[in-house]
Amino acid sequence: MYGRIAPGEALTLRGIGKEFDVSMTPAREAVRRLVAEGALFLSNSGRVSTPELTSERLEELAALRALLEVELASRALPRAHMALIDRLTAINGNVADAVSRRDAVGYIQSNLEFHRTLYLRAQAPAMLAMAETVWLQLGPTMRALYGRLRKTEPPHYHRLIIAALRAGDEPGLRLAVRSDVTQGLRLLAR
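Residues numbered from 1 in each chain as written. Predicted model: local features only at pLDDT ≥ 70, side-chain atom pairs only at ≥ 80, totals over all residues. Heavy atoms only, no water.

Within an unreviewed UniProt entry, the label attached to the chain reads GntR family transcriptional regulator, and the organism entered is Shimia abyssi.

The next subject is the overall build of the chain. Scanning the chain from terminus to terminus reveals eight helices and three strands. Seen in sequence order, the chain has helices and strands lined up from the N terminus as β-α-α-β-β-α-α-α-α-α-α. Here the C-alpha atoms of the chain give a radius of gyration of 17 Å, agreeing with the 16 Å that 2.2 N^0.38 yields for 190 residues. Seen along its three principal axes, the alpha-carbon backbone of the chain occupies a region of about 55 × 35 × 30 Å. Within the span of the chain, comprising 190 residues, buried residues form 44% of the whole. Considering only contacts within the chain whose residues lie at least 6 apart along the sequence, 77% involve residues at least 24 apart. Accessible surface for the chain amounts to roughly 10,100 Å². Of this, 54% is attributable to carbon and sulfur atoms. Computed over 26 positive and 20 negative side-chain charges, the inter-centroid distance for the chain is 2 Å. (Helix = DSSP H or I, 4+ residues; strand = E, 2+ residues; numbered from the N terminus. Rg over C-alpha atoms; globule rule 2.2 N^0.38 Å. Buried < 20%, exposed > 50% of the residue type's maximum accessible area, 1.4 Å probe, protein only. Contact = heavy atoms within 4.5 Å. Areas by Shrake-Rupley, 256 points an atom, 1.4 Å probe, with all protein chains shown as cover. Lys, Arg positive; Asp, Glu negative; His and termini not counted. Charge placed at Lys NZ, Arg CZ, Asp CG, Glu CD.)

Okay, the nonpolar core next. Ranked by size, the top nonpolar core spans 41 residues in total, and within it Leu-118, Tyr-119, Ile-161, Leu-165, Leu-173 and Val-177 carry the most contacts. The greatest single-element share of this core, amounting to nine residues, is contributed by helix α6 (residues 125-149). Excluding its chain neighbours within four sequence positions, the residues that come into contact with Leu-165 are Leu-77, Ala-80, Ile-85, Leu-88, Leu-118 and Leu-173. Membership of the second largest hydrophobic core comes to six residues, among which are Leu-11, Val-31, Leu-40 and Val-48. (Core = buried A, V, L, I, M, F, W, Y, C linked by side-chain atoms within 4.5 Å.)

Structurally, Glu-132 is set in helix α6. Linking Glu-132 and Arg-116, residues 16 residues apart in sequence, is a C-alpha distance of 8.6 Å. Excluding residues within four positions of it along the chain, Glu-132 makes contact with Met-1 and Arg-116. For Glu-132, the side chain forms a polar contact with the side chain of Arg-116, separated by 2.4 Å. (Polar contact = N/O pair within 3.5 Å; in protein donor to acceptor, adjacent residues only side chain to side chain.)

Moving on, we come to the pattern of salt bridges. Here the idea is simple: oppositely charged side chains can pair when their charged atoms come close. A full pass over the atoms with the stated rule returns nine salt bridges. Arg-116 is paired through a salt bridge with Glu-132; the nearest N and O atoms lie 2.4 Å apart. Of this pair, Arg-116 sits in helix α5 (residues 104-120) while Glu-132 sits in helix α6; the two residues are 16 residues apart in sequence, bridging distant segments of the chain. The partly exposed category is assigned to Arg-116, whose relative accessible area is 34%. Linked by salt bridges that have partners in common, Glu-71, Arg-75, Glu-170 and Arg-174 make up one network. (Salt bridge = Lys/Arg side-chain N within 4 Å of Asp/Glu carboxyl O.)

Laid out in structure tokens, this is it:
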């Protein structure tokens, strides 16, 4: 989910077991679940790897993010309070720190924390679980995107999201979230 593994990188059950200090059975079960969720790819020969997403798949996942995350943000707005806004501002500071360090994994992790913190206020666990499944599928590709964009500043749209929350501006919030979650993915899909 955080892009620690590059797109197309092969994994072995033995390697997974060793890294997480588990036997082959839980490693096999974890791989089976991650394949079912689209986070890993299992070839006909049994090779397990992170997915290399096509342009069409990226467009589909960007559309899903736009649908799910805009709705989650909209549902969170009536429950937003200053403590949440302060927390999002602090997390956005972590995003900025990761950008300044050119830390792709830290950037992705802080960025998803920003979104998850907001969406938890929606009190819509099924929708959030669906969004997290999309994030899981995108993790390796997000890492590749980060490297391609050569970011030097945190996402501008995060500031717009925070401003819309402060103002109670639902149309502004919906637009900022939609723009934030789709802009980079659409660059990759080209």
